[in-house]
Amino acid sequence: RMKKRLLWLFSIILAAVPALSGCGYSLAGYSENNGEAKYKKVILYGNKADLLYQELYIRLRAAGVQILQKKNPEAVTIILSGSRVQRDLSAVDSRSQELQYIMQSSTRYSFVLPDGKVIAKKSNFNRTILNKGVEALAGANEQRLLINEMKKQTVDEIFINFMRLR
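Residues numbered from 1 in each chain as written. Predicted model: local features only at pLDDT ≥ 70, side-chain atom pairs only at ≥ 80, totals over all residues. Heavy atoms only, no water.

## A short note on the overall build of the chain
Inference 1: Helix and strand counts for the chain come out as three helices and five strands.
Inference 2: Secondary structure elements of the chain, listed N to C terminal, follow the sequence α-β-α-β-β-β-β-α.
Inference 3: Summarising the internal contacts of the chain: among those between residues at least 6 apart in sequence, 65% fall at separations of at least 24.
Inference 4: Here the chain has roughly 11200 Å² of accessible surface; of this, 56% comes from carbon and sulfur atoms. (Helix = DSSP H or I, 4+ residues; strand = E, 2+ residues; numbered from the N terminus. Contact = heavy atoms within 4.5 Å. Areas by Shrake-Rupley, 256 points an atom, 1.4 Å probe, with all protein chains shown as cover.)

If you want it as structure tokens, here you go:
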């Protein structure tokens with residue numbers, strides 16, 4: 001009896017996938033163009049020492065995109081600008097001691113298409129962290145890890161938006 005239920009559930013799921021894709025539904029990301037970038041050449045501007053730049057560079061290269069150093073009429077220019085992380089107090093206890101912070105990562109970036117059209121975007125991510133007090137070193141390491149995580153999420157967002165360019 002359990003096997004019949006599993007088989008029934010599996011067949012419903014199996015039938016639903018083509019039905020959803022037939023009506024235009026697609027998973028988030030860049031599946032609408034089968035993972036292929038329209039533009040195969042990119043000029044990337046930003047701070048080369050920043051994790052954001054390095055991760056995006058690696059991601060683009062892995063997707064078969066050529067990173068150029070000079071202007072090219074076929075290349076999209078990606079400009080990484082205005083990246084910052086801000087820490088704001090969000091909660092205090094009854095003795096006015098700091099308990100919780102919100103870390104906000106904000107990055108501005110632009111795509112300049114070969115036809116000169118500029119698409120400006122902004123990426124925002126937030127994380128909540130607790131004030132560690134005694135474990136200050138652990139708190140600093142946690143903050144560094146959270147900053148890196150937010151930068152990697154920003155790279156994901158930039159990459160998906162690049163893959164969606166048409």
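## Observations concerning the environment of Met-163
Inference 1: Considering the arrangement of structural elements, one finds Met-163 in helix H3 (residues 136–163).
Inference 2: Measuring from C-alpha to C-alpha, the distance between Met-163 and Tyr-39 comes to 8.3 Å, with 124 residues separating the pair along the chain.

## What to know about the environment of Ile-147
Inference 1: For Ile-147, the position within the fold is in helix H3.
Inference 2: Counting along the chain gives 21 residues from Ile-147 to Asn-126, while the straight-line C-alpha distance between them is 9.7 Å.

## What about the nonpolar core?
Inference 1: In terms of nonpolar packing, the biggest core is built from 22 residues, with Leu-56, Leu-60, Ile-78, Leu-80 and Phe-162 touching the most fellow members.
Inference 2: Of all the secondary-structure elements, those providing two or more residues to this core are strand E1 (41–45), helix H2 (51–62), strand E3 (76–92), strand E4 (98–112) and H3.
Inference 3: Looking at this core, the element that brings in the most residues is H3, giving five residues.
Inference 4: Look past the residues within four positions of Leu-80 in its chain and what remains in contact with it is Leu-44, Tyr-45, Gly-46, Leu-52, Tyr-53, Leu-56, Arg-108, Tyr-109 and Ile-158. (Core = buried A, V, L, I, M, F, W, Y, C linked by side-chain atoms within 4.5 Å. Buried < 20%, exposed > 50% of the residue type's maximum accessible area, 1.4 Å probe, protein only.)

## What about the pairing of E1?
Inference 1: Direction of pairing for E1 relative to strand E2 (residues 66–68): parallel, over a ladder of three bridges. Each residue of the ladder has a partner; that of Val-42, found in E2, is Ile-67.
Inference 2: For the crossover that starts at E1, traverses H2 and ends in the parallel E2, the hand is right-handed. (Pairing = 2+ DSSP bridges. Right-handed = clockwise from strand over helix to strand, strands pointing away.)

## A word on the packing of aromatic side chains
Inference 1: Within the structure shown, the criterion is met by two aromatic pairs.
Inference 2: Taking the centre distance of 6.3 Å and the plane angle of 20° together, the rings of Tyr-53 and Tyr-57 count as stacked. Linking Tyr-53 with Tyr-57, this pair stays in helix H2, spanning four residues, or about one helical turn.
Inference 3: On the basis of relative accessible area, Tyr-53 is assigned to the buried category, the value being 8%.
Inference 4: An angle of 85° between the planes, with centres 5.7 Å apart, marks the rings of Tyr-109 and Phe-111 as edge-to-face.
Inference 5: Accessibility expressed as a relative area gives 0% for Tyr-109, which makes it buried. (Phe/Tyr/Trp six-rings, centres within 6.5 Å; stacked < 30°, edge-to-face > 60°.)

## Structural notes on the pattern of salt bridges
Inference 1: The tally for this structure, following the rule as stated, stands at three salt bridges.
Inference 2: For Asp-50, the salt bridge identified is with Lys-151, shortest N-O distance 2.6 Å. With a gap of 101 residues between them, Asp-50 in the loop between E1 and H2 and Lys-151 in helix H3 connect regions that are remote in the sequence. Here Asp-50 matches Lys-151 in class, with each residue buried.
Inference 3: Here Arg-59 ties to Asp-156 by a salt bridge, and the two come within 2.5 Å at their closest N and O atoms. Taken as a pair, Arg-59 in helix H2 and Asp-156 in helix H3 lie far apart in primary sequence, 97 residues in all. (Salt bridge = Lys/Arg side-chain N within 4 Å of Asp/Glu carboxyl O.)

## A word on the side chain of Ser-110
Inference 1: As for its position among the elements, Ser-110 is in strand E4.
Inference 2: A relative accessible area of 16% places Ser-110 in the buried class.

## Description of H2
It helps to recall that an α-helix has 3.6 residues per turn; residues three or four apart then point in one direction.
Inference 1: In this model, H2 (twelve residues) spans 16 Å end to end at C-alpha, consistent with the 16 Å of a helix rising 1.5 Å per residue.
Inference 2: Residues of H2 that are buried include every one of Leu-52, Tyr-53, Leu-56 and Leu-60, and no others. All buried residues of H2 project into a common sector of 95° when viewed along the axis, lining one side. Away from its buried face by more than 90 degrees, H2 exposes Ile-58 and Ala-62.
Inference 3: Phi for Gly-64, located one or two positions after H2, is positive at around 85°. (Expected span 1.5 Å × (residues − 1). Arc of directions from axis to C-beta.)

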